[in-house]
Amino acid sequence: MYTTLIKAQELAAAAPDRIRIVDCRSSLQDPAAGRREYVAAHIPGAVYASLDEDLSGAPVSDHGRHPLPAPDTLCATFGRLGIGNGMQVVAYDDANGMIAARLWWMLRYLGHTAVAVLDGGWAAWRAAGLPQATGEEVAATATFTGSARRDRLVTLAELVAGPELVDARDPRRYRGETEPLDPRAGHIPGARNHCFANNLDALGNFHDPATLRRAFTATLGKLPTSTTVHYCGSGVSACHNVLAQVHAGLEEPRLYCGSWSEWCANPERPAAVGEDG
């Protein structure tokens, strides 16, 4: 069972009837681009999941740009994607795992641990010269049941500002120097910055566990723990940090899905700029 990452050659060698591959490619600038690219070429057997239509939903636990769907909605979505309980799932994208990690986290949130992200994503698959398919594939509907691991999710009402918060965004957004997506710039007071790109090597693959632990220590001043809360702009790239923390052999942390887009929507909530800590 793969629970964090899987290599392209490992995926190619896996029995196709025992695995569900999900293409999560997406673009914040052009939400329809991911599906177009999937139809043009994808890993054989992969079904497509849209960040906006499948991995986000009506605001329930949060009111950020990509709200987390309700548990029953998630169960229905996973079933429609052909994911049954106990099935090995592999998610991939063309964004170094940033969006695929969102699906990885959502499945774990519902108690499904047999899920991994393709290390290096679509680029690694193509670089290995592995087969490609075209068109849209539809999986046979499966029955998925799960219960929300509520202790892994932090809502705005539960959020405590301070150094246990880790911001996964680009350092320039964290410092408040630029803000291309949300109405205000800056970060939640006290939060430390560990950009998700710090989890990757020059080829876009995840660092090995020891290097990941060193990277977290270098940027946070210590190793993250189960009480660490990761956030980003809308609860997407923060999942990349959660994945990196688990792959590093550390305790699974928590996610604030509403993230900066929810926090900054109220002008009465403070916004910090520059570096904290």
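Please read these numbers as outputs of a predicted model, since none were measured by experiment.

K.L.:
How should helix α4 (residues 100-109) be read in this particular structure?
P.N.:
The α-helix winds at 3.6 residues per turn, so residues separated by three or four positions along the chain end up facing the same way. Along α4, 10 of the 10 residues are buried, which leaves the element largely enclosed by surrounding structure. Every buried residue of α4 is accounted for by Ala 100, Ala 101, Arg 102, Leu 103, Trp 104, Trp 105, Met 106, Leu 107, Arg 108 and Tyr 109. Backbone geometry just downstream of α4 places Gly 111 in the positive-phi region, at approximately 90°.

K.L.:
What exactly am I supposed to notice about the nonpolar core here?
P.N.:
For soluble globular proteins, the rule of thumb is that nonpolar side chains tend to be buried together. Counting residues in hydrophobic clusters, the biggest one holds 53 residues, and the most contacted among them are Phe 78 and Trp 105. Of all elements in the fold, only α3 (71-80), β4 (88-92), α4, β5 (115-118), α7 (209-220) and α8 (237-247) reach the threshold of two or more residues within this core. The element that contributes the greatest number of residues to this core is α4, accounting for eight residues. Residue contacts for Phe 78: discarding those within four places in its chain leaves Ile 83, Leu 103, Met 106, Leu 107, Leu 110 and Phe 144. In this structure, Ile 19, Ile 21, Tyr 38 and Ile 43 belong to the second largest nonpolar core, which totals 17 residues.

K.L.:
Help me understand the state of the cysteines, please; the structure alone is not making it clear to me.
P.N.:
Working definition of a disulfide: a covalent bond connecting the sulfur atoms of two cysteines. Counted under the stated rule, the structure contains zero disulfides. Unpaired in terms of disulfides, Cys 232 finds its nearest cysteine sulfur in Cys 239, a separation of 6.9 Å. Judged by its relative accessible area of 1%, Cys 232 falls in the buried class. Cysteine Cys 264 shares no disulfide, and the gap to the nearest cysteine sulfur, in Cys 232, comes to 12 Å.

K.L.:
Is there a simple way to think about the sheet that holds strand β10 (residues 254-256) in this case?
P.N.:
Each strand in a sheet pairs with its neighbour through backbone hydrogen bonds, running either in the same direction (parallel) or in the opposite one (antiparallel). Here we have five strands laid out as an open sheet, ordered β6-β10-β9-β7-β8, and parallel in their pairing. A single partner strand is all that each edge strand has here, and the edge strands are β6 (153-154) and β8 (192-193). Relative to β10, strand β9 (residues 229-231) runs parallel, the two sharing two bridges. Counted as the bridge partner of Val 229 is Arg 254 from β10. Packing of α8 onto the sheet brings it into contact with β7 (165-167), β9 and β10, and relative to β9 it is tilted by some 140°.

K.L.:
Teacher, can you tell me more about the sheet that holds β4 here?
P.N.:
Here we have five strands laid out as an open sheet, ordered β1-β5-β4-β2-β3, and parallel in their pairing. In the strand order of this sheet, the two ends are held by β1 (5-6) and β3 (47-48), each with one partner. Bridging between strand β2 (residues 19-23) and β3 involves two bridges; their strand directions are parallel. Bridge pairing in β3 links Asp 23 to Tyr 48. Docked against the sheet, α4 engages β2, β4 and β5, running at close to 175° with respect to β5.

About the thresholds
- Residues numbered from 1 in each chain as written.
- Predicted model: local features only at pLDDT ≥ 70, side-chain atom pairs only at ≥ 80, totals over all residues.
- Heavy atoms only, no water.
- Buried < 20%, exposed > 50% of the residue type's maximum accessible area, 1.4 Å probe, protein only.
- Helix = DSSP H or I, 4+ residues; strand = E, 2+ residues; numbered from the N terminus.
- Core = buried A, V, L, I, M, F, W, Y, C linked by side-chain atoms within 4.5 Å.
- Contact = heavy atoms within 4.5 Å.
- Disulfide = S-S within 2.5 Å.
- Pairing = 2+ DSSP bridges.
- Axes fitted to C-alpha atoms, helices over the stretch in contact; angles between N-to-C directions.

Remember, this is a structural readout, not a statement about activity or role.
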